[in-house]
Amino acid sequence: MTIQSINCTAADAGKQFAASLRETGFAVLTHHPIAEDEINQFYQAWQTFFEQDTAAKENFLCDRITQIGWVPPSISEIAKGHSARDLKEYFNFFLHGSCPEGLRAQTLALYDQMYTMAKQLLTWLQAETPAEIIDTLSQSLPSMVADSMQTLFRVNYYPSQTGTEAAGAVRAAAHADIDLITILTAGTQNGLQAKNINGDWVDIPAEHGNLIINAGDMLQECTQGYYPSTLHRVINPCENTRSAARMSCPLFVHPRPDVVLSERHTQASYLHERLVELGYRTATKEEANA
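The rules behind these values
- Residues numbered from 1 in each chain as written.
- Predicted model: local features only at pLDDT ≥ 70, side-chain atom pairs only at ≥ 80, totals over all residues.
- Heavy atoms only, no water.
- Helix = DSSP H or I, 4+ residues; strand = E, 2+ residues; numbered from the N terminus.
- Buried < 20%, exposed > 50% of the residue type's maximum accessible area, 1.4 Å probe, protein only.
- Contact = heavy atoms within 4.5 Å.
- Areas by Shrake-Rupley, 256 points an atom, 1.4 Å probe, with all protein chains shown as cover.
- Arc of directions from axis to C-beta.
- 1 Å grid on protein atoms, 1.4 Å probe; cavity = no way out; pocket = protein on both sides within 12 Å on 5 of 7 lines; lining within 4 Å.
- Points joined across faces, edges and corners; volume = space filled by probe spheres on them.
- Nonpolar A, V, L, I, M, F, W, Y, C, P; charged D, E, K, R; others polar.
- Disulfide = S-S within 2.5 Å.
- pLDDT = per-residue confidence, 0-100.
- Axes fitted to C-alpha atoms, helices over the stretch in contact; angles between N-to-C directions.
- Parallel < 35°, antiparallel > 145°, perpendicular 65-115°, else oblique.
- Left-handed = near helix turned anticlockwise from the far one by under 90°.
- Expected span 1.5 Å × (residues − 1).
- Salt bridge = Lys/Arg side-chain N within 4 Å of Asp/Glu carboxyl O.
- Pairing = 2+ DSSP bridges.

## Quick word on the overall build of the protein
Phase 1 of the analysis: When you go through the protein residue by residue, the secondary structure sums to nine helices and 12 strands.
Phase 2 of the analysis: Overall size of the protein, expressed as C-alpha extent along the three principal axes, is 55 × 50 × 40 Å.
Phase 3 of the analysis: Sorting the 290 residues of the protein into buried and exposed places 50% on the buried side.
Phase 4 of the analysis: A separation of at least 24 residues holds for 73% of the contacts in the protein among residues at least 6 apart in sequence.
Phase 5 of the analysis: Surface exposure of the protein reaches about 13200 Å², of which carbon and sulfur atoms provide 50%.

Right, dumping it as structure tokens:
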């Protein structure tokens, strides 16, 4: 499994990107338009938020229905198939949602740039995916996300570790993303890994400032598995780096709720199914008895 590092300015960048996503579910982008200094400043600003005392952050406590706001470690995600919560806290930002006022301008600016990048990447996939796959789509990939309010921008904060963490708990347990594609700013520490076809975990090579892209379950669904949604995780740091916190910033790019992904699912039905699996939604009586 070789995850390609792709120069966004290369003439064949789109072809390389589609090939890497097809082969591994991942790609790493270099020479992209988002300035590394801007990403660094964004991390520094949000680190100040996370390092506040709990009482201050509770003013932005996440609403379990809308998923907007700060999620403390005590209610952090439990990945499907796992029993321990991830060792992280995070802030979920939607365009229609709240945000600490001093961070809103920076957050919107980076959101806009990453979303613009997402539309470019989906345009590349639309052009480079075989016609027999494209012909089965309900609409083009870029049009699926047009005017979508479902896209989630998340700021992850993985606190420093003491060595007394719960047995089996890791920064982010193995999981696949639910969305169409995810755009991730490289973390402030290493630790991100993907699972290859042999079942081995491999480090994702990304220098700070690069972007990491992965296919989500919805892209896998609507392309009939052509682009695989690959399991990935964030492992705990080694002993000599565990005193440092880690940050990362993914944009989970979602279609509109009405977009038909397959004969089985719209975006809304698929998202609901996955959120029920993760404990964020309650199954209907019909679903519970199915």
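## With respect to helix 8 (residues 267–277)
Phase 1 of the analysis: Among the residues of helix 8, those classed as buried are Q267, Y270, L271, R274 and L275. An end-on view of helix 8 places all buried positions within 130° of arc, on one side of the element.
Phase 2 of the analysis: The secondary structure elements touched by the buried residues of helix 8 are helix 7 (217–222).
Phase 3 of the analysis: Directly beyond the C-terminal end of helix 8, a positive phi value near 85° is found at G279.

## Things to note about the layout of surface pockets
Phase 1 of the analysis: What the largest pocket holds in volume is close to 930 Å³.
Phase 2 of the analysis: Lining the largest pocket are 49 residues, and of these E77, L152, R154, I178 and F252 lie nearest its centre.
Phase 3 of the analysis: For the lining of the largest pocket, the secondary-structure elements that each account for two or more residues are strand 5 (152–158), strand 6 (172–175), strand 7 (181–185), strand 11 (232–234), strand 12 (246–253) and helix 8.
Phase 4 of the analysis: Across the lining of the largest pocket, the residue classes tally to 24 nonpolar, 14 polar and 11 charged.
Phase 5 of the analysis: By volume, the second largest pocket amounts to about 330 Å³.
Phase 6 of the analysis: Along its surface, the second largest pocket is lined by 19 residues, and Q189, N190, G191, L192 and I204 are the ones closest to its centre.
Phase 7 of the analysis: When the residues that make up the lining of the second largest pocket are grouped by side-chain class, the tally is nine nonpolar, seven polar and three charged.

## Some thoughts on the state of the cysteines
Note: disulfide means a covalent bond formed between the sulfur atoms of two cysteine side chains.
Phase 1 of the analysis: Tallying each qualifying case throughout the model produces zero disulfides.
Phase 2 of the analysis: Counting only cysteine sulfurs, C249 is the nearest neighbor of C99, a cysteine outside any disulfide, at a range of 11 Å.
Phase 3 of the analysis: Overall, the relative accessible area of 0% leaves C249 in the buried class.

## Notes on the confidence of the model for the protein
Phase 1 of the analysis: Model confidence for the protein is summarised by a mean pLDDT of 91, while 96% of its residues fall at 70 or above.
Phase 2 of the analysis: Within the model, the stretch residues 284–290 combines pLDDT values under 50 with two contacts to residues more than four positions away or in other chains.

## Overview of the packing of helix 2 (residues 36–50) against helix 4 (residues 101–128)
Phase 1 of the analysis: Between helix 2 and helix 4, the least distance of the axes is 10 Å, while the angle of their chain directions is 140°. When the interaxial angle is binned, helix 2 and helix 4 end up oblique. Between helix 2 and helix 4 lies a crossing of left-handed hand. Mapping the contact onto sequence places E38, Q41, F42, A45, W46 and F49 in helix 2 and L103, Q106, T107, A109, L110 and Q113 in helix 4.
Phase 2 of the analysis: The residue inventory of the contact of helix 2 with helix 4, partitioned by class, reads seven nonpolar, four polar and one charged.

## Observations regarding helix 2
Phase 1 of the analysis: A rise of 1.5 Å per residue sets the reference length of helix 2, with its 15 residues, at 21 Å; its end C-alpha atoms lie 21 Å apart and thus fit the reference within 8%.
Phase 2 of the analysis: For helix 2, every residue scored as buried is listed here: I39, F42, Y43, A45, W46, F49 and F50.

## A short note on the pattern of salt bridges
Phase 1 of the analysis: Evaluated as defined, the whole model comprises 10 salt bridges.
Phase 2 of the analysis: Residue K88 is joined to E77 by a salt bridge in which the shortest nitrogen-to-oxygen separation is 3.1 Å. Of this pair, K88 sits in the loop between strand 3 (69–71) and strand 4 (89–93) while E77 sits in the loop between strand 3 and strand 4, and the two are 11 residues apart along the sequence. Each member of the pair, K88 as well as E77, carries the same accessibility label: buried.
Phase 3 of the analysis: Note that R274 is salt-bridged to D217, the shortest N-O span being 1.9 Å. Remark: D217 occurs in helix 7 and R274 occurs in helix 8; sequence separation between them is 57 residues.
Phase 4 of the analysis: For R274, a relative accessible area of 9% puts it in the buried group.
Phase 5 of the analysis: Salt bridges linked by common partners bring E77, D86, K88 and R154 together as one network.

## A look at the pairing of strand 4
Phase 1 of the analysis: Counting buried residues along strand 4, five of its five residues qualify, which places the element largely inside the surrounding structure.
Phase 2 of the analysis: Residues E89, F91 and F93 of strand 4 are buried on one face, and the alternating residues Y90 and N92, pointing to the opposite face, are buried as well.
Phase 3 of the analysis: For strand 3 and strand 4, the ladder comprises three bridges, and the chain directions are antiparallel. Bridge assignment links V71 to a residue of strand 4, and that residue is Y90.
Phase 4 of the analysis: When strand 4 meets strand 5, the two strands line up antiparallel, connected through five bridges. When the sheet's bridge partners are listed, N92 is paired in strand 5 with R154.

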